[in-house]
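Overview (structure and organization)
Chain by chain, the residues run as shown.
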Amino acid sequence: MKMLRARLAEMKAQQHAEKISDIKGVQIKIEWGSQIRSYVFMPYTLVKDTRTGFETGNIQNVMDGDIDGFINAYLTASANGTLKK
């Protein structure tokens, strides 16, 4: 009976791990050069999306949440199939 309980517990844990893995999706390593955007505050201001190439010099608006340009560039690149990984 103990072996049966252990196997059932193991199966349930494996199903739970698979479910979490499906939710998380594909993850990449976080390392230098893998960031989505680059922010330059000094000596000039620039925000550049490395996936789409979209950039803006108005960094204060981006920091305040105005990311519509980045979203549009991402959706356009994704639809055209030109999205860099």
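Residues numbered from 1 in each chain as written. Predicted model: local features only at pLDDT ≥ 70, side-chain atom pairs only at ≥ 80, totals over all residues. Heavy atoms only, no water.

Let us look at the overall build of the protein. A tally of helices and strands in the protein yields three helices and three strands. Helices (α) and strands (β) of the protein occur, in sequence order from the N terminus, as α-β-β-β-α-α. Taken over the C-alpha trace, the protein has a radius of gyration of 21 Å; the compact-globule value for 85 residues is 12 Å, which it surpasses by more than 25%. Over its C-alpha atoms, taken along the principal directions, the protein stretches across nearly 70 × 30 × 25 Å. When each of the 85 residues of the protein is scored for burial, the buried share is 8%. Within the protein, contacts between residues separated by at least 24 positions form 14% of all contacts whose residues are at least 6 apart in sequence. (Helix = DSSP H or I, 4+ residues; strand = E, 2+ residues; numbered from the N terminus. Rg over C-alpha atoms; globule rule 2.2 N^0.38 Å. Buried < 20%, exposed > 50% of the residue type's maximum accessible area, 1.4 Å probe, protein only. Contact = heavy atoms within 4.5 Å.)

With that settled, consider the packing of aromatic side chains. Tallying each qualifying case throughout the model produces one aromatic pair. Taking 5.0 Å as the distance between ring centres and 85° as the angle between the ring planes, the aromatic pair formed by F54 and F70 counts as edge-to-face. A residue pair is termed long-range when its members are at least 10 positions apart, and F54 in the loop between β2 (46-49) and β3 (55-56) and F70 in helix α3 (residues 68-80) qualify at 16 residues. F70 sits in the buried class, given a relative accessible area of 2%. (Phe/Tyr/Trp six-rings, centres within 6.5 Å; stacked < 30°, edge-to-face > 60°.)

A few words on the pairing of β2. With burial as the criterion, only one face of β2 is covered, namely that bearing V47 and D49; the residues L46 and K48 on the opposite face remain uncovered. Here four bridges tie strand β1 (residues 37-40) to β2, and the two strands are oriented antiparallel to one another. Paired with S38 across the bridge in β2 is K48. The antiparallel hairpin formed by β1 and β2 contains five residues in its connecting segment. Relative to β3, β2 is paired through two bridges, and the arrangement is antiparallel. (Pairing = 2+ DSSP bridges.)

Moving on, we get to the sheet that holds β3. What the three strands build is an open sheet, ordered β1-β2-β3; its pairing is antiparallel. The open sheet has two free edges, formed respectively by β1 and β3, since each of these has just one partner strand.

Per the stated rule, a full pass over the model turns up one salt bridge. Residues D49 and R51 are paired through a salt bridge, measuring 3.5 Å at the closest nitrogen-oxygen approach. (Salt bridge = Lys/Arg side-chain N within 4 Å of Asp/Glu carboxyl O.)

Turning our attention to the confidence of the model for the protein. Taken residue by residue, the protein gives an average pLDDT of 91. The fraction at 70 or more is 99%. When pLDDT is averaged over each element of the protein, β3 comes out on top at 96 and β1 at the bottom at 92. (pLDDT = per-residue confidence, 0-100.)

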